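Listed here are the chains, written in short residue letters.
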Amino acid sequence: MISLLFNSVATPFWKWQRCGKYNLWTPNHPLSFLTISAVARKKMARVLVGVKRVIDYAVKVRVKPEKNGVVTQGVKHSMNPFDEIAVEEAVKMKEKKLASEVIAVSVGPTQSQEVIRTALAMGADRGVHVEVPAAEYDLLQPIHVSKILAKLALDEKADLVILGKQAIDDDANQTAQMTAAVLDWPQGTFCNKVEKTDAGLTIAREIDGGLETIKTKLPAVLSADLRLNTPRYATLPNIMKAKKKPLKKVTPKDLGVDTTPRIEIISVEDPPVRQAGAVVADVDALVAKLKAGGHI
Amino acid sequence: MFANNTRNLVRSSFLQRCKSTLVVAEHNNETLNPLTLNTITAAKKIGGDVTVLVAGTKCGPASEAVAKVEGVTKVLVAENAAFKGFTPESLTPLVLAAQSQFKFTHILAGASAFGKNVLPRIAAKLDVSPISEIIDVKSEDTFVRTIYAGNAILTLKSKDPVKVITVRGTNFPPAATSGGNGAVEQAPAGDYASSLSEFVSQELTKSDRPELTGAKVIISGGRGLKSGDNFKLLYDLADKFGAAVGASRAAVDAGYVPNDLQIGQTGKIVAPELYVAVGISGAIQHLAGMKDSKTIVAINKDPEAPIFQVADIGLVADLFKAVPELTGKL
């Protein structure tokens, strides 16, 4: 037994295999079936939702004079809009009795707890804050976050991970895909509609030419697109209740995730400035200008 | 984990000399998506040879077209029922097998819904940090991309041994479709079928109009149109130009038009010769999708609308009068 336990510690979590018959995650060891506790196949899913604290979408972002980032001090921050949609979807699943519990996770410095509290106020049950100091956070990428989320998904025995499609600060659109890859789970990205069926999930996705329907098994990782739902506002009573909901703090090191930077920021600069042109008086003047510009 | 990184860094200095790029082609089994041509240009800018992977259920037409593209050294063809729907779960092991055989230094795809869906999964499996939607290649390890809805330009250097990158098509000219003589060979064989995910169907908007991301002229409508029926005004105007029709998020959210028309930070990024914004206020997130247009025309009844700050030609007028008048005078 001790050797089995040792093996489960020595094997990094992403090398764990699905133990076929029981459809559970175990270290790859011939006698590992002995270490499985009897986990019943629940009909209700446990949902992990990722939420990121970003500069508010309405703020006019300014590049720092040192050209190594944007001004974040004293600037309004809020939950990434796509993450609000992700939280809303998870909470809706709970209300439809498709999910048993919603866990909100945020990776970042201390202030990230603000968005976890918002998620709790929207209806999440508990929160996990993965604390990353500010300097380290500047170079943190989806590759690191995806490993953190994957580890938490396994630790928390989540059946579904829902993330926002992209963060409006880095516009990366990578985390859901990468988290799915680390876990070897299917990915349903840019979700417009998600239905839980006996076989798993039926998902309508927004693609370049219109919509696409796919079916995936569970567990899965989803990324929420704009029209998946309309997020609710957190009401004041719920905001007060959220203060009492549990919020666990961990570090990437606790989760065995290496946050060594993979990139070096060379510069952050202003985009080319577009000058306003002329306002014309009427349609005739507009036609004249279009002709002059060679457009007609 | 630390040992892995050291190994990677040693390997990366080794591979600096032998640049070799894989472009994952986007196609629909009949025709090649033009974005692949822009992506090939970005691949050529990195230097080193360019291999293009064509995977699908029926690859003949697409692989023949790719082999003729100027600058393509090799075409890898993978024809398999497993690739129905081009799912990331089936394509990822294929790309990993190709990577294992050929040891590419760079893996590229266009920053379309397809590229953005598949490439990060590949990157995670290779344990590298992907770089989304580059707008320029400075060197084999230094790339430029936009952040904060295009309000800041980031230049970054990747420390990973394999760079996995999606490419914004509007920033790279398309590679010539003739003059190339790429060698066609079979991609590594394997059982790529994935039971995790299954493609069911697609509902694509049928249109005779040019495709948005490649159109030379775009007529775009926003909340000011007030209904889907009113978009007919824009379709009539577009006919005069042979233009594509786009929309702001507000118009799509309100149900006036389907989602594939959306232009903006989280929709399509376009850079046509002429962009006519009708009834669009010009929110930051919409500008992110069209501010690289050569000429911007704005028609809006609100003189304070932010769109006038980026428009080359502005007309403050009621669109329901101005647009039909404009259509009539062209």
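Rules used throughout
Residues numbered from 1 in each chain as written. Chains lettered and ligands numbered in written order. Predicted model: local features only at pLDDT ≥ 70, side-chain atom pairs only at ≥ 80, totals over all residues. Heavy atoms only, no water. UniProt positions renumbered as here; feature names shortened; annotations may be inferred. Core = buried A, V, L, I, M, F, W, Y, C linked by side-chain atoms within 4.5 Å. Buried < 20%, exposed > 50% of the residue type's maximum accessible area, 1.4 Å probe, protein only. Helix = DSSP H or I, 4+ residues; strand = E, 2+ residues; numbered from the N terminus. Contact = heavy atoms within 4.5 Å. Buried area = accessible area lost by both parts, 1.4 Å probe. Salt bridge = Lys/Arg side-chain N within 4 Å of Asp/Glu carboxyl O. Polar contact = N/O pair within 3.5 Å; in protein donor to acceptor, adjacent residues only side chain to side chain.

For chain B, the name recorded in an unreviewed UniProt entry is Electron transfer flavoprotein subunit alpha, with Drosophila mojavensis as its organism. In its Sequence similarities (unreviewed entry) section, UniProt records this for chain B: "Belongs to the ETF alpha-subunit/FixB family."

Chain A is annotated in an unreviewed UniProt entry as Electron transfer flavoprotein subunit beta from Drosophila mojavensis. Of the comments in the UniProt record for chain A, the one headed Sequence similarities (unreviewed entry) reads "Belongs to the ETF beta-subunit/FixA family." For the record of chain A, the UniProt heading Subcellular location (unreviewed entry) holds the text "Mitochondrion matrix".

## Quick notes on the nonpolar core
In this structure, Ile 40, Val 52, Val 54, Leu 108 and Ile 134 of chain B are the most contacted members of the largest nonpolar core, which totals 39 residues. In terms of residues, this core owes the most to one element, helix α2 (residues 35–46) of chain B, which gives five residues. Counting 34 residues, the second-largest nonpolar core is a separate cluster that includes Ala 45, Met 93, Ala 99 and Ile 203 of chain A.

## Side note on the interface of chain A and chain B
In this complex, chain A contributes 78 residues to the contact, which on the side of chain B involves 85 residues. The contact between chain A and chain B buries some 6900 Å² in all, and 53% of this surface belongs to carbon and sulfur atoms. If you sort the residues of chain A by the area they bury against chain B, Asp 208, Arg 262 and Arg 274 of chain A come out on top, with a joint share of 12%. The tally of links from chain A across to chain B stands at seven salt bridges.

## As for the pattern of salt bridges
Summed over the entire model, instances satisfying the criterion amount to 36 salt bridges over all chains. Its salt-bridge partner being Lys 52 of chain A, residue Asp 169 of chain A comes within 2.9 Å of it at the nearest N-O pair. Of the two residues, Asp 169 of chain A sits in the loop between β8 (160–164) and α6 (175–183) while Lys 52 of chain A sits in the loop between β3 (45–50) and β4 (53–55), which places them 117 residues apart along the sequence. As a salt-bridge pair, Asp 253 of chain B and Arg 249 of chain B come within 2.8 Å of each other at their nearest N and O atoms. One end of the pair, Asp 253 of chain B, and the other, Arg 249 of chain B, are both in helix α7 (residues 249–253), four residues apart, so they sit about a helical turn from each other. When salt bridges that share partners are traced, they join Arg 46, Glu 101, Arg 126, Glu 156 and Lys 248 of chain A into one network.

## Things to note about the environment of Leu 53 of chain B
All names here are of chain B. Within the secondary structure layout, Leu 53 lies in strand β2 (residues 49–56). Note: C-alpha distance between Leu 53 and Ser 194 (141 residues apart in sequence) is 19 Å. Look past the residues within four positions of Leu 53 in its chain and what remains in contact with it is Leu 22, Val 23, Val 24, Ala 25, Leu 76, Leu 94, Val 95 and Ala 187.

## Describing the UniProt feature "domain: Electron transfer flavoprotein alpha/beta-subunit N-terminal" (unreviewed entry) in chain B
In the numbering used here, UniProt assigns the feature "domain: Electron transfer flavoprotein alpha/beta-subunit N-terminal" (unreviewed entry) to residues 21–203 of chain B. Annotated as residues 21–203 of chain B, this span is 26% helix and 32% strand, and its ends, taken at the C-alpha atoms, are 33 Å apart.

## Looking at the side chain of Arg 205 of chain A
Residues and elements named next belong to chain A. Inspection of the secondary structure assignment puts Arg 205 in strand β10 (residues 201–207). Given a relative accessible area of 4%, Arg 205 falls into the buried group. Within the structure, Arg 205 has its side chain in polar contact with the backbone oxygen of Thr 189 (distance 2.8 Å). Polar side-chain contacts of Arg 205 include one of 2.6 Å to the side chain of Glu 212.

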